[in-house]
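Residue-level structure breakdown
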Amino acid sequence: MQVDSSVTKQPSVLRLNLPSVTPKRLIYSPTGPIGRDQDDVRRFADAANAGIQRAIKAGCKKIVLMVPDIYKEMYPSSVLVTWLGGMHALFTPLEIRRDVPGRANKIEALGLWSKHQSAGEDLLKLANAIELGRVAARDIGGSDPETMAPQNVWKYVECLFPDTVTRSVETGHDYFKTNFPLLAAVDRAANQVERHRAHLITLTYNPPDQVTQTLFLVGKGITYDTGGTDIKAGGVMAGMHRDKCGAAAVAGFLKTVAMLKPKGLKVVGQMAMVRNSVGEESYVADELITTRAGVRVRIGNTDAEGRNVMSDPLCRAKEWALEAVNPHIMTVATLTGHVIRAFGPAYTGVMDNGPAKQANFARDIQQAGDLFGDVFEISTIRREDYDFVVGKSEYEDVLQCNNAPSTGTARGHQFPAAFMIRASKLNE
C-alpha cells in the first residue's frame, strides 16, 4: 500500500487493493500531537470532522468511522468526542434542508466500528442524543432572523419534542408589560410587526421517577439585534441573527435530555424570544422601568437588551425554585462581545453567584467541558460589578448599563450578571 507523504498533517485518501476487504478507500485523518500542554480532546473531534469532510469530497456515500481506543487513559471520552466531531461534519443548515431537498443529506449512511457491540450501541445512543440536541440548537441559533422569528421558533419547538417534554408559550404585549416589564420594553418596537412579536416559551421535562434535582434554565433569544435606538452602526449589525443562541442552547439541551431520560432530574427551560427592533415605538436610554421583582431600573443602553429579556424570566425561575426540589438556576446567553475579547471566540465563560460557588458549579462544568471537548473559562463576579450597577440617582435602584460598548468597558461581561441578580432579586 502506497502512503501519501502528507499523511501525518492532513486527511489522506488511501486506496486499498486487498481482495478480502470490501471498502476500497481508507481516509486516514491524523489528530496531530496530543500530549503537549496545549493539546486537548478536541484534537480528536477536529480529526474526525476533517476526515468526514475529505470522505465526502472523495465521493463516499457510506462511511464507517473507526476510532482507536488506545488513548482512553489520557482522554477517557476520546471515542465519543471523535464520533461527535464526525457527525458535526454531516450537519446541513435548516434552510438548505427546507429549500434544497437534494442537498439535505451529505451521505447515505454513517456507521461506527466497535470491538464490543453493546458498548458501541450505548455510545451511539449517547452520541445521537447529544448531536440531535446540537442540531436543534444550530437550527434555532444559526437560521436567519425570518426563518427563526419568534413565532417560528415556537412552531419549531412544538414539533421538536416527544410527549416527555411539555411546551407552552406566552404572548401579548400588554401581558408582558404587566408580568415581564423589562422584556416588554425590548419588544415594544417589534410588537408593531406581527411575526416579530415576542414569545416566551417554556419547556419542561419531568423524569419518569421521583424528582431529586431541578434545573431551571433561562435562555436569551434575541432573534435579531439592531441595537435598538443605540443602533449598531458601521457594519457591526451583520451576524446578529445569532444573538438567540442562548435560547437555542436551552432547546437543544432539552432535546438531549428528552432522549436520554435521566433519572431524578427535572428541567424547566424558558426561551425569551424577542427581536430588538428600532422604530417609533423603541425604548430608549434614560427610561425608568420597574421589574417583575419590583426593582426600579434606569436604561443606560438599548443595545444591552439581553439582560433585559432574561431578568424577569429569571425572577420567575426564582419564584418556581422556592417550591422546587434541590433547585439550580442558570442563564444562557450570547451576552456581550466582551467575553470574546476576554477569552477568544472558541470559549464560553461561566460565572457563579454565591450558592453556585459553594456547590463548585463553575469548576464542575469546566471539568466536564474539558472531558468532552466543549470548553469553558471561569470568570468571577466581584464587588466592583455590583457597585457598577448601583443607581446613580434617587430615581432608580439599578443602572442597566453604561453607554459604552461592552468591549470597551472594564469587566464588561461580569457586571451584566450583577445587574440580572439585582434586577431579579436573585440575591434576596
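Shown above is the structure to which this text applies.
This section reports on the structure supplied with the text. (Residues numbered from 1 in each chain as written. Predicted model: local features only at pLDDT ≥ 70, side-chain atom pairs only at ≥ 80, totals over all residues. Heavy atoms only, no water.)

Considering the environment of tyrosine 283
To keep it simple, the criterion reads: Strands here mean DSSP runs of E at least two residues long; helices mean DSSP runs of H or I at least four residues long; both are numbered from the N terminus. Buried residues are those whose accessible area, probed at 1.4 Å on protein chains only, stays under 20% of the maximum for their type, while exposed residues exceed 50% and partly exposed ones sit between those limits. Every residue pair with non-hydrogen atoms within 4.5 Å of one another is taken to be in contact. Between N or O atoms, a polar contact is any pair within 3.5 Å; within protein, one atom must be a potential hydrogen donor and the other a potential acceptor, and residues adjacent in sequence are included only when both atoms are from side chains.
Among the secondary structure elements, tyrosine 283 is positioned in the loop between strand E8 (265–276) and strand E9 (288–290). The exposure class assigned to tyrosine 283 is buried, which follows from its relative accessible area of 2%. The spatial distance from the C-alpha of tyrosine 283 to the C-alpha of alanine 189 is 7.5 Å, given a sequence separation of 94 residues. Residues within four places of tyrosine 283 in sequence aside, it is in contact with Ala185, Val186, Arg188, Thr229, Asn276, Ile299, Asn301, Thr302, Glu305, Asn308 and Gln400. At 2.9 Å, the side chain of tyrosine 283 and the backbone oxygen of threonine 302 are in polar contact.

What to know about the sheet that holds strand E7 (residues 213–225)
Where we set the bar: Any two strands with at least two DSSP-identified bridges between them are counted as paired. Every axis in this analysis is a line fitted to C-alpha atoms, fitted for helices over the stretch in contact. Angles between the N-to-C directions lie between 0 and 180 degrees.
Spatially, five strands are ordered E5-E6-E8-E7-E11 in an open sheet, and the strand pairing comes out mixed. Single-partner strands in this sheet number two, and they are strand E5 (165–170) and strand E11 (327–332). Pairwise comparison of adjacent strand axes, ignoring direction, gives a mean angle of 15° for this sheet. Sheet strands in contact with helix H8 (residues 245–260) are E5, strand E6 (199–205), E7, E8 and E11, and its direction is about 140° off that of E7.

Section: empty space enclosed by the protein
So the rule is basically this: Grid spacing is 1 Å over the protein atoms alone, the probe is 1.4 Å, and a cavity is where that probe fits but cannot get out, while a pocket is an open set with protein on both sides within 12 Å along at least five of seven lines and lining residues have an atom within 4 Å of a point. Grid points are joined across faces, edges and corners, and a volume is the space filled by probe spheres set on the points. Gly falls in the polar group here, along with every residue not listed as nonpolar (Ala, Val, Leu, Ile, Met, Phe, Trp, Tyr, Cys, Pro) or charged (Asp, Glu, Lys, Arg).
Enumeration over the complete set of coordinates arrives at one cavity of 30 Å³ or more. There is about 30 Å³ of room inside the largest cavity. Contributing to the lining of the largest cavity are Val186, Ala189, Gly228, Thr229, Asn276, Ser277, Ser282 and Tyr283. Considering only residue class, the lining of the largest cavity consists of three nonpolar, five polar and no charged.

As for the environment of serine 143
Inspection of the secondary structure assignment puts serine 143 in the loop between helix H4 (117–142) and helix H5 (150–160). Sequence-wise, serine 143 and glutamate 95 are 48 residues apart; in three dimensions their C-alpha atoms are separated by 7.1 Å. The contacts of serine 143, once residues within four sequence positions are left out, are Leu94, Glu95, Arg138, Met148, His241 and Lys244. Within polar-contact distance, the side chain of serine 143 engages the side chain of glutamate 95 at 3.3 Å. Separated by 2.6 Å, the side chain of serine 143 and the backbone oxygen of aspartate 139 make a polar contact.

Re the pattern of salt bridges
For clarity, the cut-off: A side-chain nitrogen of Lys or Arg and a carboxyl oxygen of Asp or Glu constitute a salt bridge if their distance falls within 4 Å.
Taken as a whole and judged by the stated rule, the model has 20 salt bridges. Salt bridges sharing partners connect three or more residues here, namely Arg36, Asp39 and Arg43.

Concerning the layout of surface pockets
The method is simple in principle: a probe with the dimensions of a water molecule rolls over the atoms, and the space it marks as empty is what remains. Roughly 890 Å³ of volume is contained in the second largest pocket. Put simply, the parts of the chain that give the lining of the second largest pocket at least two residues each are strand E2 (25–28), helix H1 (42–57) and strand E3 (62–66). If one sorts the elements of the lining of the second largest pocket by residue count, H1 sits on top with six residues. Looking at the lining of the second largest pocket, its residues break down into 21 nonpolar, six polar and three charged.

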